[in-house]
Amino acid sequence: MPKIKPGHKITTIERHIMDRQADLPDATGALTSLLYDIALAGKLIASRTTRAGLADILGGTGQENIQGEEVKKLDVYAQKVIYQLNDHTGRLAAMGSEEEDEIIPIPDKYPTGKYVLLFDPLDGSSNIDFNVSVGTIFAIFKRKTESGPGTLEDVLQKGADIVAGGYMVYGSSTMFVYSTGDGVHGFTLDPSVGEFLLSHPNIRLPEKPKYYSANQGYQSRWTEGIQRYTRWLRGEEGADRSLSLRYIGSMIADIHRNLLGGGVFYYPSDSRAPTGKLRVLYEAIPMSFIIEQAGGYASTGRSPIRDLQPTELHQRTPLFVGNKDLVEKAEEFIAKYDKA
Ligand code: P6P
């Protein structure tokens, strides 16, 4: 339970979002309600992840998603919860999910709204059976088309145009971390009352980073630039300090740790995955938004993630995200040693 210091204001996520709603352009309350519903989804999903081992929810469904990854029962539950909280509210024109091949339309019987919601219902779900932290990632954009059913054009948007984004991480505690463009704010779930309470106001990346996070098992498949960059992070290649390697294999957990402790997470393209593994719309863009709102930077290795215009719903990208100087160093090594 987050320690409430004497004199420390108790702020629920609803209060926090409402207070910011006043600053949001043409705030009609729709975005506030949308964020609140995402937080509610987080509470429902968290209640299952903490019991995953008991509620016979472990293990797979025997199905595969478009990514060719085995769908865990918790994936299915998380997908359903987020969909059912948002399909009828009249706030969305469409949704896009890692678990669904195509964009998800709003049923005809419900009104459409001015936002679109992109989400990865349970990122890192392959780790569920090992009790490793997993999470939900979301990105919210304003629809581009005027009215009627949302289209692929409404969903394929650049990070620079994101309206709100963030993640819920289901770990030793459940946290909701979000931004609407005015900084990054973290809330910890107090399960005894079912409230997310403000525990990490205005998160900023520490100036002095501690960690680097990458799957070094793929080192032999990386380009020369990435191999040299990794050696630099370890204190070689003329570096004046070395960072500690921390890699969980669950992106939200890795990036959340680096957000609080400082560092860089990277999942580069390699000889087996020439476009990288992570998805642009519901992984790279929202996680990059959070890190940049906390003072960091996110790149494909050659250009800012926020400028990347996706052309497909499940498009992938190489991703370097964290302290600005560390990510810029990656761009330097790639520019110097890897042909474009
Ligand atoms: P690898 C989880 O499946 C995920 O999409 C991210 O959460 C994580 O960072 C990455 O894949 C791990 O991939 O190839 O290192 O196992």
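*Asks:* Which residues make up the packing of helix α2 (residues 30-49) against helix α3 (residues 73-86), and what values go with them?
*Replies:* Where α2 contacts α3, the two axes come as close as 9 Å, and the packing angle between them is 155°. Regarding the angle of α2 to α3, the classification is roughly antiparallel. Once α2 is placed against α3, the crossing between them reads as right-handed. Residues Leu34, Asp37, Leu40, Ala41, Leu44, Ile45, Arg48 and Thr49 of α2 form the contact with α3, whose participating residues are Leu74, Tyr77, Ala78, Val81, Ile82, Leu85 and Asn86. Along the lines of polarity and charge, the residues of the contact of α2 with α3 split into eleven nonpolar, two polar and two charged.

*Asks:* If you had to explain helix α7 (residues 280-293) to someone new, which residues and values would you point to?
*Replies:* In terms of burial, α7 is largely enclosed, as twelve of its 14 residues are buried. Restricting attention to buried positions, one finds in α7 the residues Val280, Leu281, Tyr282, Glu283, Ala284, Ile285, Pro286, Met287, Ser288, Phe289, Ile290 and Ile291. Gly295 lies just past α7 and shows a positive phi near 100°.

*Asks:* So what's going on with the sheet that holds strand β15 (residues 297-299)? Which residues, and what values?
*Replies:* Ordered by their spatial adjacency, five strands build an open sheet running β12-β11-β13-β17-β15, and the pairing between neighbours is mixed. The open sheet terminates on both sides in strands that have one partner only, identified here as β12 (244-245) and β15. Bridge analysis of strand β11 (residues 211-213) against β12 gives two bridges, and the strand direction is parallel. Looking across to β12, one finds that Tyr212 is bridged to Leu245. Where α7 meets the sheet, it contacts β15 and β17 (319-322), and its direction lies at approximately 25° from that of β17.

*Asks:* Could you give an account of the site of the ligand, with specific residues and numbers?
*Replies:* What surrounds the ligand is the set Asp123, Gly124, Asn215, Tyr218, Tyr247, Gly249, Ser250, Met251, Phe265, Tyr267, Lys277 and Leu278. Side-chain polar atom of Lys277 to an oxygen atom of the ligand: 2.9 Å apart, as the coordinates give it. If the ligand stood free it would expose 400 Å²; the protein chains cover 86% of that surface.

*Asks:* Talk me through the nonpolar core; I want residue IDs and the actual numbers.
*Replies:* In this structure, Leu118 and Leu259 are the most contacted members of the largest nonpolar core, which totals 39 residues. Of the residues forming this core, the biggest block, nine residues, is contributed by α7. Once residues within four sequence positions are removed from consideration, Leu118 is found in contact with Gly96, Ile137, Phe138, Ala139, Phe141, Val155, Leu281, Tyr282 and Leu313. Within the second largest apolar cluster, 38 residues are counted, among which are Ile13, Leu85, Leu117 and Ile128.

*Asks:* Could you give an account of the pairing of strand β9 (residues 185-190), with specific residues and numbers?
*Replies:* Across the six residues of β9, six count as buried, placing the element largely inside the fold. Side chains His185, Phe187 and Leu189 project from β9 onto one buried face, and the interleaved Gly186, Thr188 and Asp190 project onto a second face that is buried too. In the sheet, strand β8 (residues 174-179) pairs with β9 via four bridges, with the strands oriented antiparallel. Bridge pairing in β9 links Tyr178 to His185.

*Asks:* Please provide a residue-by-residue account of the domain arrangement of the protein chain, values included.
*Replies:* On domain assignment, one finds that the protein chain holds domain 1 (13-202) and domain 2 (211-337). Each of domain 1 and domain 2 was reduced to a C-alpha centroid, and the two centroids are 23 Å apart. Tallying the contact residues gives 48 residues for domain 1 and 31 residues for domain 2. Carbon and sulfur atoms make up 67% of the surface buried where domain 1 meets domain 2, a total of about 2,800 Å² over both sides. For the domain 1 face of the interface with domain 2, the top three residues by lost area are Ile137, Leu156 and Tyr167, together amounting to 21%. Scanning the region where domain 1 abuts domain 2 turns up one salt bridge. Here Glu98 ties to Arg279 by a salt bridge, and the two come within 2.5 Å at their closest N and O atoms. Summed over the shared surface of domain 1 and domain 2, the result is twelve residue pairs in polar contact (both at pLDDT 80 or more). Taken together, the elements giving at least two residues each to the side of domain 1 that touches domain 2 come down to β3 (92-97), β5 (115-123), β6 (134-142), β7 (164-170) and β8. Looking at which element gives the most residues to the side of domain 1 that touches domain 2, the answer is β6, with seven residues. Taken together, the residues of the side of domain 1 that touches domain 2 sort by class into 22 nonpolar, 17 polar and nine charged.

What counts, and at which threshold
Residues numbered from 1 in each chain as written. Predicted model: local features only at pLDDT ≥ 70, side-chain atom pairs only at ≥ 80, totals over all residues. Heavy atoms only, no water. Axes fitted to C-alpha atoms, helices over the stretch in contact; angles between N-to-C directions. Helix = DSSP H or I, 4+ residues; strand = E, 2+ residues; numbered from the N terminus. Parallel < 35°, antiparallel > 145°, perpendicular 65-115°, else oblique. Left-handed = near helix turned anticlockwise from the far one by under 90°. Contact = heavy atoms within 4.5 Å. Nonpolar A, V, L, I, M, F, W, Y, C, P; charged D, E, K, R; others polar. Buried < 20%, exposed > 50% of the residue type's maximum accessible area, 1.4 Å probe, protein only. Pairing = 2+ DSSP bridges. Near = heavy atom within 4 Å. Polar contact = N/O pair within 3.5 Å; in protein donor to acceptor, adjacent residues only side chain to side chain. Areas by Shrake-Rupley, 256 points an atom, 1.4 Å probe, with all protein chains shown as cover. Core = buried A, V, L, I, M, F, W, Y, C linked by side-chain atoms within 4.5 Å. Domains from an automatic or database assignment. Buried area = accessible area lost by both parts, 1.4 Å probe. Salt bridge = Lys/Arg side-chain N within 4 Å of Asp/Glu carboxyl O.

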